[in-house]
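# Observations on chain architecture
Read off the chains here:
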Amino acid sequence: MRSFTPLLPVSLTALLLLPAALAKLCKPLSYIDPLIGSQDGGNVFAGATLPYGLAKAVADVDGQNTGGFGSDGSNVTGFSSVHDSGTGGNPSLGNFPLFPQLCRDDDLNGCMYRIDDRKVHYVNDSLEAVPGRFALGLASGIHAEMTVSEHAALYRFKFPAAGEAGEGTHPHIMLDLTDLWKSRQNASIRVDADTGRMTGNGTFLPSFGAGSYVMHFCVDFFGADVHDTGVWVNNRAGTDPKELYVTRGFNLFYIEAGGFARFTTGKDRTVTARVGISFKSSEQACRSAETEISQPLADFDRLVKEAQRTWQEKLSPIQVKSGGANEDLLRSFWSGAYRNMIAPQNYTGENPHWDTGRPYFDSFYCIWDSFRVQHPFLTVVDPTAQAQMVQTLLDIYEHDGWLPDCHMSLCSGWTQGGSNADVVLADAYHKNLSSAIDWDVALRAMLADAEDEPLEWSVHGRGGLRSWKALNYIPYLDYDPLGFGTNSRSISRTLEYAYDDYCLATMAGGMGKRDLEDKYLRRSTNWLNLWKEDQTSLINGTDTGFRGFFQPKYQNGTWGFQDPIACSALTSFCSLTTNPSETFEASVWQYLFYVPHSSAALIDLVGGDDAFIKRLDYFHTIGLADISNEPVFLTVYMYHYAGRPALSAQRIHTYIPKSFNSSPGGLPGNDDSGAMGSFLFFSVLGLFPVAGQNVYLINPPFFEELSITSPQTGKTATVRSKNFDPEYKRIYIQSATVNGQPWEKSWIGHEFFTGGWTLELELGEEESSWGSRMEDRPPSFAVKM
């Protein structure tokens, strides 16, 4: 066709080329690299998955393995079919790994079963990771590749030829009754002598929560004849018996155990394994696998193509005209969007506790991390899934009595701060996410968080409510006989509770409940009660020159003390359990800026616009700001509230690409189920959400033009830059129009996306007065001080 195009009229030529051009814009898969964040603490899931899929297949390693695989050159210990992505702390899931090997002398006693004995390096050059497929070669000569359906994984293990002395004549595949964390409490397996089918289950602990969960499996083998089967315990195996039940062991000693099968293969020396997973039963795991992967020897390529089509469809609302921007940024941008649809996970039909007939999602890991940008991302790009997640939160409330702050593996996770599901609900309400959501139920759930203290507020709800209501703050060393949790985080909980109450107030007000609106607006000002106006801050014994910080306060109203730089990047990280402090995973300096509903009042408190900007600059340049953790995200854009949006643009350009790139170590920290990716996404888009409010802060985008077609309305919203500069010398907004009309405000609402508006920004090299007037700043709740 190309040879004929010069003979066509220009208009017709353009018409014929347009579909190809659009296809290039709409097909981001070539830019997606699942390995971004697989080193240096990104903890991403790098394997094969469908959007929100239960089955997630990848190689598990003994190095950075929180998401299963880490490209850190460590050893492969197995191949498992369920994982979480981007989580911190203990490794999550990784249940029932398979491990292929060739046994010495073709003897069971020559096989290696325990993890420390069987583990083997992978070959760096063999590593392949694309949406829907993961593959690598082992130093043993075995090559493994994998793909998935919704509830099952398909593996192909290609073995090298047997040795001259008969070593490895019969390829051996074992299943280990363990998980990545070695949290197994008990487990069982049964191996069919004729087919090699393995079925069973195990009871495990969630990696960041309370209780336990049971997972079931069903493994079938294809493409080879079964030579023999059996079970193994520690490093010994036998062909009799064919089933096994294992507990933690004597004195809680961890016993390693499982099943195995050996095969007689054809010339290609390949064994295909299909693994079904279920939280309900082995029968359901087998049924799902048989239904979704009915022809395992022929289905591999089909599954990969279907996965890629599904990913393409999910990401199709987004279109980019890069304008010459760096391709590294394109890879980071699209990969970040991709990772935001790995979790939460769709466990519909897999919840053993209840079935409402509606979709059920899990792996909210954790909402403290995801409410700020990940859920706003899904509201824009995949509102159907986000509405289903919101409904799941309400279903959890109706069956458990509480909204979760963290939920994984069907268990309640530890509460990190406030009741942050309240922010997710308010965000959905103010953006008209779905008419199918029962907002009366949502309001009741938020009221339960605000008024009723659970006995175990370590896993849901809020602790210290008696003090919160009587003293209007959470006291240092609070006396709280009504419920129990880690008695810490008095500053960060006070700030988060205040914002949670604000979100409750605005939703109640929108529903016409003025008495509730007034009540919780008053409570949303409680953050003021921990402001100590004469508090100083020292670094290495030198006064920073700033006065006024949040500080802990005892029940009797006297002040406690936490060094404002404690828990910052300049000192040591403060976790929930190892070294709890009065702020969670961030310093007093960082929490200074967490008053998203009353930023104008905070600015007045520190001495006005210039003083506020001076603090922000100091915070971001002295090493106090920790871009690897979510509380810092909004601080990058807080200059908007002081009438200096140009400084927000300047600030984000100090973090991109310095802290975000497309290398395996290209994330500044733990991805937190996609939070790092969604921060990058909105920063590149030029519209940053203030979660819980119908507010997006306007900034110059990093590409010439970005468009998002709303799956709700079918209308396409576009952010376009005039005078776009891929070298980023022109990063300051000179003027803006929306649908051709002047736009002076430095923010815009969600109607931009659902209404398909066009925002056009004229850029220049110097800061302008755009967005600086008081009436053009983002909304801020007025506080009487």
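Details of the structure are given in the entry above.
First, a word on what this report is: a plain description of the structure on this page. Computed from a prediction, not measured in an experiment: that's the story for all the values here.

## Let's talk about the sheet that holds strand β28 (residues 687-689)
Sheet strands pair by backbone hydrogen bonding; their relative direction is either parallel or antiparallel. Ordered by their spatial adjacency, 3 strands build an open sheet running β28-β29-β34, and the pairing between neighbours is antiparallel. Pairing within the sheet leaves two strands with one partner each, and these edge strands are β28 and β34 (747-748). Here strand β29 (residues 696-698) runs beside β34; their pairing, made up of 2 bridges, is antiparallel. Paired with Tyr696 across the two strands is Ile748, which belongs to β34. On the sheet, helix α18 (residues 675-685) packs against β28 and β29 and is oriented at approximately 140 degrees with respect to β28.

## With respect to unusual backbone geometry
In this structure, Pro241 follows Asp240 across a cis peptide bond, with omega equal to 5 degrees. With respect to the element layout, Pro241 can be found in the loop between β15 (236-238) and β16 (243-247). Along the chain, Ile656 connects to Pro657 via a cis peptide bond; the corresponding omega equals 10 degrees. Mapped onto the secondary structure, Pro657 falls in the loop between α17 (645-655) and α18. Positive phi, normally seen in glycine, also occurs at Asp40, with a value near 55 degrees. One can find Asp40 in the loop between α1 (10-26) and β1 (48-49). With a relative accessible area of 58%, Asp40 lands in the exposed category. With phi around 65 degrees, Asn723 is a residue other than glycine that occupies positive phi space. Here Asn723 is to be found in the loop between β31 (716-722) and β32 (732-738). On the basis of relative accessibility, which here comes to 40%, the residue Asn723 falls in the partly exposed class.

## Remarks on the sheet that holds strand β12 (residues 198-204)
In space, the 9 strands of this open sheet follow the order β6-β7-β8-β9-β18-β13-β12-β11-β16, with antiparallel pairing throughout. Two strands bound the open sheet, and with one partner strand each, they are β6 (128-130) and β16. Adjacent strand axes in the sheet meet at a mean angle of 15 degrees, parallel and antiparallel pairs treated alike. Direction of pairing for strand β9 (residues 152-158) relative to strand β18 (residues 270-278): antiparallel, over a ladder of 7 bridges. By the bridge assignment, Phe157 is partnered in β18 with Val271.

## A closer look at the packing of helix α15 (residues 599-606) against helix α16 (residues 609-621)
Two elements in contact, α15 and α16, have axes whose closest approach is 7 Å; the angle formed by their N-to-C orientations is 95 degrees. Relative to α16, α15 is oriented roughly perpendicular. Counting all contacts with α15, which are made through Leu602, Ile603 and Val606, the residues of α16 involved are Asp609, Ala611, Phe612 and Arg615. Of the residues contributing to the contact of α15 with α16, the split by class is 5 nonpolar, no polar and 2 charged.

## Topic: the side chain of Ser335
Considering the arrangement of structural elements, one finds Ser335 in helix α5 (residues 327-339). Excluding anything up to four places from it in sequence, Ser335 contacts Tyr31, Ile32, Asp33 and Ile36.

## Comments concerning the pairing of strand β11 (residues 186-191)
Across the two faces of β11 the burial differs, with Ala187, Ile189 and Val191 buried and Asn186, Ser188 and Arg190 not buried at all. Examined bridge by bridge, β11 and β12 share 6 bridges and lie antiparallel to one another. Paired with Asn186 across the bridge in β12 is Thr203. The hairpin formed by β11 and β12 contains 6 residues between the paired strands, and Gly196 there has a positive phi angle of roughly 80 degrees. Two elements, β11 and β16, share 5 bridges in a ladder whose sense is antiparallel. Bridging from a neighbouring strand, Arg190 pairs with Glu243 of β16.

## Quick look at the nonpolar core
By size, the foremost hydrophobic cluster in this structure holds 231 residues, and its most contacted members are Phe69, Phe79, Leu136, Tyr155, Phe681 and Leu687. Leu154, Ala289, Leu303 and Val304 belong to the second-largest nonpolar core, a separate cluster that totals 7 residues.

Conventions we followed
- Residues numbered from 1 in each chain as written.
- Predicted model: local features only at pLDDT ≥ 70, side-chain atom pairs only at ≥ 80, totals over all residues.
- Heavy atoms only, no water.
- Pairing = 2+ DSSP bridges.
- Helix = DSSP H or I, 4+ residues; strand = E, 2+ residues; numbered from the N terminus.
- Contact = heavy atoms within 4.5 Å.
- Axes fitted to C-alpha atoms, helices over the stretch in contact; angles between N-to-C directions.
- Buried < 20%, exposed > 50% of the residue type's maximum accessible area, 1.4 Å probe, protein only.
- Parallel < 35°, antiparallel > 145°, perpendicular 65-115°, else oblique.
- Nonpolar A, V, L, I, M, F, W, Y, C, P; charged D, E, K, R; others polar.
- Core = buried A, V, L, I, M, F, W, Y, C linked by side-chain atoms within 4.5 Å.

In short, shape yes, function no, at least from these values alone.
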